[in-house]
Amino acid sequence: MNHHRKRRPQQRVPQPEQERMQQVLQRLKCALQLGLKPSFSEKVAGKRWCNTDAEVQLQALRAIAAFVSILTSHRGRHASLQVPLEECVATLQSLLGAERETVFSKAADVCEDLIVVMGDGLLGYGGKRLVGPLARLLKCSKLSIVIAAATALHGILLRIKPGINRVKAGDDSTWKALEDADVLAIVNLIQDDRDSIVKDNALMDLIAVIVERWPEARYRVGCNSSFRTTLLLRCTSNSDTVAQIALRAASALALCGCVATLLLKASDCLWSTISSCLHSSKDCRVQLEAFRFLTSLSKASTFGALFSGPHVAPIVASCLRGLELAKRSGEGKWYPELEFLIVEAAHTTSSILSWPGTQHSLFLNGGIEELLLLVLSGVQNKGDKKSGANDEEKMTEYASSTVERRSRANKLSPTLRPLLWEILGWLGAHHCVDLESSSSPAKNEPAKLNNKLIELACASWLRALCKRGQSPVWFEMEHKQEGGTVFHVKDEPVNSLEVVQICKAVLLLLSSPSQVISSQMRMCLETTLTSHGLDWLPTLVKTTALGVSKTVKLHHVQSMTNLLAVACVSWVEVCRDQLLKLEILRVILGIIQGQTDSVDQGKMERLSAMRDSFATKACCVDSESWEGNDCVLFTALWALPKLLQGSDWAKKIRESMSEEIVDTANWSKFEDGDFVHMLSKLAGDRTRAEGVRWWSACSLSCFGVYGFPSKVGQDVKMSFDDPLLADVIFVLGDGSRLAAHGVVLASRCETLLPAELQVKVCENLGTAGSRGDSDSHHLREMEGADLVSELRSTPAEIHVSPRLSSKVLKIILEYVYAGIVCIPYALVADTKLVAKRCRLEPLTSLLQGKSPIWGKPSAPFDLSPALGIKGHSLADVLLRAAKPLGGSWTEKELGALSDYVPAHRFILSARCQYFQALFRSGMRDSTQKVLEMQASKISISKLLHYLYSGASKAEAVNCSWTNLDFKAQLEYLQSLLELADLAGQWLMDELQQTTCALIGMYLKSNVLLCPPVMSLAFSGQLWMLVETCAACLAPEYVQLRNSGALDNLNDELTDFVRAAHVKLFRETLD
């Protein structure tokens, strides 16, 4: 039987790849030749499409689509196709703006495919040219076109890295193209409708990329309240994709401090949304984005006060649940998403624990200490169960735990361990409950867990120093605890970031406000250091001394590690004595001096942000971190107080300075007083971080100087015990009398205020509170003269008990008046008791020698509370606004002309030479109850705020300012111009210079403000500001002149700007 096989059809032999590419390129060339022509325009470089025939345009798009499809098999070989790719991009740029919908719809689809195939390589062939045309298609009514354009634009923007060193937003061509296309208007297109869910997702994803990479877009999007509401609603969507995209956009918006503040205002809805997104039923990626959103919000200055309510507990539970995933890192199958989730959960936990609040107790009750102990050591806390275990059982447990710990270490991200150490440090820094006062065993249980963590921190700290070469004689350590826990910390990798965080955690535990934690850490550290010897301390001092060397420059991480190690060992008395013999004080003071004089101090990274990308992406950060940007200076000051407490050199200086109460200006006259003067400048510098000021004040207290110096306190102290304007008299036990002023006592220490004045203040507060009015609204109901005459009174006498030393009272009053005081050592104990009774908390803390609580604000000398309702009852003069500078009153200002601004003659006289001469002249104006001011009420209020606090009250140049309209910006600058003019009239040169410099900073953000401001400054004869305006206009003089922006300037000012432009041009040529 013959079997006839069925012949198979002859298969088509595939064309060679190169031949097929040649055919496609030939087709592409023929299609593009029909419309692509060279461009002779200055605005458009290269070629552009000129054919308006729709069929020809579609033919070209089909040829480009075929070319794109074959590029898939030519990945990595695009260099030889540079000319065709550039021509395709030029054609698409033109056809995306075609008139026919079929054309630009097809062009959008081809762009989407081209971006997918080319990836990052498209930018090298002019891919940025497609940004503007694609952005314009987002307003199309057809969903498919909007989706394709949004997807393609998202792919391009995702691959563009904005310039980091941009001078202004206009320097970025991509952002300029997006702005010209009004791309941010797409926020109004998101309807949250089921029919348009794909479009809304594409647009929301695009918004997330734009606001993350271009800070200029954040506030413009985030200030839209309806969009913020829609965004939070989409975060709670049942669709994981929708929620993930919305959370990504919310995280990007929260990078702007102004937007984060707006989001936090709706805190109840916000915490409910985040709590819902962090629920265990949500997808891992949704929880990941929710953690990032919460981390961005935690950087705002108002976060600590608003992070409260019933949703805090679920958020804390979600953070703990994310951290617990670290225990499963060595078990079963492991996914990268879980690693990212663990790191973000740790990052969020560290961020929210950096703020004091109820979240600390929630984390402690949730078992975070047990979790940290397990992950950081790899050993379960079985001390209670194995209290009678022998050494063999302990070593068996160590052997089994080492393998488990190493498997976890290989799985987890190297950034996790530093975060966990930082979490431990925050738990100690804000553990304000003293566990010694707890009588319940349940309340004492956390002390045991803390004890284990403290011992682990001490062991890891020594191991880290060994790995960093600080302890060369100690290469292996095995730390055994009585409860059965074995910490074997041998042969584990330690990176520099982890070393810094371990040292910081140990130091935070040592300086914890909880006496239990602080004493346990100090005892553990002393025992361990004593048992292992101190032969490595000279090496530590030598490496630390390299920080002041002119020939060898250490990296700032190494400098921090050395200084943190010195700060830790200085808590142990034996180590402190040896460090002092090695002249560590000279090294530390040299580092502080070098960092104070350094011009690069602002370029240092923060201790808690070296691995945080938020600092590089964020804008409009409304508060500086407690440690500041100069981490080396902060760490050196952190190490200084404990060293000074045991120093004979500090005692010698204290004895020489405490013989009499001296002025800060005379400190340099004392032996080695220059160091004290340097510390006083750091403590009084309000531009420094709060932590730098606090530790400088703690160091000053070692010399018998307590407080924070300030210019306001220095001026007010000059009038201390001046009976001319006094309304309070202290009658001492020896019969002597001290003149005081109620406004100072009411602002600085109400306890010393006489009872009759306290009643008057309380009555004034009660009256204003019952009316529900603003601070000055109730002043409108009566004439200014009648109000002042009612408040004027004879001095109230306070008879002081003979048991209170007159010297101690004078010290307390000097601190109240100056903000800083020198106290002899013999009077410290008595002054401490009186300061505590007077509720002078900063002075009490410094006298007790306590370490400042992390995040605690300093105590600047500030009398501005007297400008509120509290000080109205003590006012003895009223300032009334008159005509503004260079203009007339608006209708809004005319309605407020009857408002008076209450003030106090004593403060005006102490802070301003003009008023001092006026009130002491004996002329009629010296007794007037109402003084007419040639300025608006806004300017007068700003001036009084400066006189009372020493700080200028001004808006920050942030996204909120730059997005104001031109008229609002000009009105605000006009008030500053009036302030500068008023400061000149009152002979306050420093305020005038500061205000002019502030106006110059605003002008740099918008050059178009310069011409009107220049005219106002010219009319007010503010020549410094005129020069500033001319300098801002000089670089763009030609463009502004041609556009007509300088037409309103008179000839003299125009010549002034022209001269500045010529000078700048000559300097450029040189």
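Remember, it's a predicted structure, so these values are computed and weren't measured experimentally. (Residues numbered from 1 in each chain as written. Predicted model: local features only at pLDDT ≥ 70, side-chain atom pairs only at ≥ 80, totals over all residues. Heavy atoms only, no water.)

Student: How do you make sense of the overall build of the protein chain when you look at a structure like this?
Tutor: In terms of helices and strands, the protein chain carries 52 helices and twelve strands. Counting every position in the protein chain, which comprises 1070 residues, the buried fraction comes to 53%. Expressed as a percentage of contacts within the protein chain between residues at least 6 apart in sequence, the contacts between residues at least 24 apart total 74%. (Helix = DSSP H or I, 4+ residues; strand = E, 2+ residues; numbered from the N terminus. Buried < 20%, exposed > 50% of the residue type's maximum accessible area, 1.4 Å probe, protein only. Contact = heavy atoms within 4.5 Å.)

Student: Looking at this structure, I do not really get the environment of K542. What am I missing?
Tutor: Relative to the helices and strands, K542 resides in helix α25 (residues 537-545). Remark: the alpha-carbon pair of K542 and I584, spanning 42 residues in sequence, is separated by 9.1 Å.

Student: Teacher, can you tell me more about the sheet that holds strand β8 (residues 796-799) here?
Tutor: Two orientations exist for strands paired in a sheet by backbone hydrogen bonds: parallel and antiparallel. Read from one edge to the other, the open sheet built from three strands follows the order β7-β6-β8, with strand pairing classed as mixed. Both outer strands of the open sheet, β7 (737-740) and β8, are each paired with one neighbouring strand and no more. Neighbour-to-neighbour, the strand axes of the sheet open up by a mean angle of 25°, direction not taken into account. Sheet topology places strand β6 (residues 728-731) next to β7; four bridges connect them, and they run antiparallel. Looking at the pairing, F730 lines up with L738 of β7. (Pairing = 2+ DSSP bridges. Axes fitted to C-alpha atoms, helices over the stretch in contact; angles between N-to-C directions.)

Student: Explain helix α21 (residues 416-429) to me, please; I cannot follow it from the model alone.
Tutor: An α-helical turn contains 3.6 residues, so a residue and the one three or four places further along point in the same direction. Along its 14 residues, α21 runs 20 Å from first to last C-alpha, staying within 8% of the 20 Å computed at 1.5 Å per residue. Burial analysis of α21 places 14 of its 14 residues in the buried class, the great majority of the element. (Expected span 1.5 Å × (residues − 1).)

Student: What's the story with the packing of aromatic side chains in this structure? I'm lost.
Tutor: Both the distance between ring centres and the angle between the ring planes are used here to describe each pair of aromatic rings. By the definition in use, this model includes 24 aromatic pairs. Measuring from centroid to centroid gives 5.2 Å for W694 and F708, while their planes differ by 90°, and the two rings are edge-to-face. Placement of the pair is W694 in helix α33 (residues 690-701) and F708 in the loop between β5 (705-707) and α34 (711-718), with a sequence separation of 14 residues. For the pair shown, W694 and F708 are each scored as buried. Measuring from centroid to centroid gives 5.7 Å for F1018 and W1023, while their planes differ by 75°, and the two rings are edge-to-face. Note that K642 overlies the ring of W571, its terminal NZ or CZ placed 4.1 Å from the centroid. One residue, R911, lies across the ring of Y946, its end atom 5.5 Å from the ring centre. (Phe/Tyr/Trp six-rings, centres within 6.5 Å; stacked < 30°, edge-to-face > 60°. Lys NZ or Arg CZ within 6 Å of the ring centre and 35° of its normal.)

Student: Could you clarify how one ought to interpret the sheet that holds strand β11 (residues 900-903) in this entry?
Tutor: With mixed pairing, three strands are arranged side by side in an open sheet as β11-β10-β12. Here the strands that pair on one side only, and so sit at the sheet edges, are β11 and β12 (930-933). Neighbour-to-neighbour, the strand axes of this sheet turn through a mean angle of 30°, independent of strand direction. By the bridge criterion, four bridges tie strand β10 (residues 877-881) to β11 in an arrangement that is antiparallel. Bridging from a neighbouring strand, R880 pairs with Y900 of β11. The strands touched by helix α45 (residues 937-949) within the sheet are β10, β11 and β12, with β11 carrying the most contacts at an inclination of about 10°.

Student: I'm lost on the pairing of β6 in this one. Help?
Tutor: In regular strands, side chains alternate between the two faces of the sheet. Burial along β6 is two-sided: the face carrying V728 and F730 and the face carrying I729 and V731 are both buried. What sits between the antiparallel neighbours β6 and β7 is a turn of five residues, in which G735 has the positive phi angle 90°. Note: β6 against β8, four bridges, orientation parallel. Bridging from a neighbouring strand, V731 pairs with H799 of β8.

Student: Would you mind going over the confidence of the model for the protein chain with me for this structure?
Tutor: Reading fine detail from the predicted coordinates is not recommended where pLDDT is low. On average, residues of the protein chain score 79 in pLDDT, and 77% of them are at 70 or above. Across residues 469-491, where pLDDT falls below 50, the model places 69 contacts with residues more than four positions away in sequence or in other chains. Of the regions scoring below 50 in pLDDT, residues 599-606 engages in 21 contacts with residues more than four places distant in sequence or in other chains. (pLDDT = per-residue confidence, 0-100.)

Student: Mind showing me how you'd approach the side chain of D205 here?
Tutor: Tracing the chain through its elements places D205 in helix α8 (residues 197-213). Given a relative accessible area of 18%, D205 falls into the buried group. A distance of 2.7 Å separates polar atoms of two side chains, one belonging to D205 and the other to R248. The contact partners of D205, leaving out residues within four places of it in the chain, are H154, I245 and R248. (Polar contact = N/O pair within 3.5 Å; in protein donor to acceptor, adjacent residues only side chain to side chain.)

Student: Please explain the packing of helix α50 (residues 1023-1033) against helix α52 (residues 1051-1069) as it appears in this structure.
Tutor: In a packed pair of helices, the relevant descriptors are the angle between the two axes and the axis-to-axis distance. Running from amino to carboxyl end, α50 crosses α52 at an angle of 55°, the nearest separation of the two axes being 8 Å. Compared by their axis directions, α50 and α52 come out oblique. Where α50 crosses over α52, the handedness of that crossing is right-handed. Contact residues: V1026, E1027, A1030 and L1033 in α50; L1053, F1056, V1057 and A1060 in α52. Broken down by class, the residue content of the contact of α50 with α52 amounts to seven nonpolar, no polar and one charged. (Parallel < 35°, antiparallel > 145°, perpendicular 65-115°, else oblique. Left-handed = near helix turned anticlockwise from the far one by under 90°. Nonpolar A, V, L, I, M, F, W, Y, C, P; charged D, E, K, R; others polar.)

Student: Even after reading the chapter, I still don't get the state of the cysteines, so can you show me in this structure?
Tutor: As enumerated under the stated definition, the model contains zero disulfides in all. With no disulfide of its own, C1029 lies closest to C1010 among cysteine sulfurs, the gap being 5.0 Å. Considering cysteine sulfurs only, C1010 is the nearest to C1032, which forms no disulfide, with 4.5 Å between them. Accessibility expressed as a relative area gives 14% for C1032, which makes it buried. (Disulfide = S-S within 2.5 Å.)

Student: Help me out: how do you make sense of unusual backbone geometry in this one?
Tutor: Keep in mind that most residues, glycine aside, have a negative phi and that most peptide bonds are trans. In this structure, D182 takes a positive phi of about 55° despite not being glycine. Look at D182 and you get partly exposed, because its relative accessible area is 40%. For R839, which is not a glycine, the phi torsion comes out positive at approximately 60°. Assessed through its relative accessible area of 72%, R839 is described here as exposed.

Student: Where do I start with the packing of α21 against helix α23 (residues 496-510) in this structure?
Tutor: Contact geometry for α21 and α23: axes closest at 8 Å, N-to-C directions at 10°. Overall, the two elements α21 and α23 adopt an arrangement that is roughly parallel. For α21 against α23, the interelement crossing comes out left-handed. Residues R417, P418, W421, E422, L424, G425, W426, G428 and A429 of α21 form the contact with α23, whose participating residues are L497, E498, Q501, I502, K504, A505, L508 and L509.

Student: How should the nonpolar core be read in this particular structure?
Tutor: Soluble globular proteins tend to pack their nonpolar side chains together in the buried interior. Of all hydrophobic cores here, the largest spans 332 residues; its most connected members are F67, L297, W461 and F730. Setting aside anything within four residues of it in sequence, one finds F67 in contact with M21, V24, L25, L28, L81, P84, L85 and C88. (Core = buried A, V, L, I, M, F, W, Y, C linked by side-chain atoms within 4.5 Å.)

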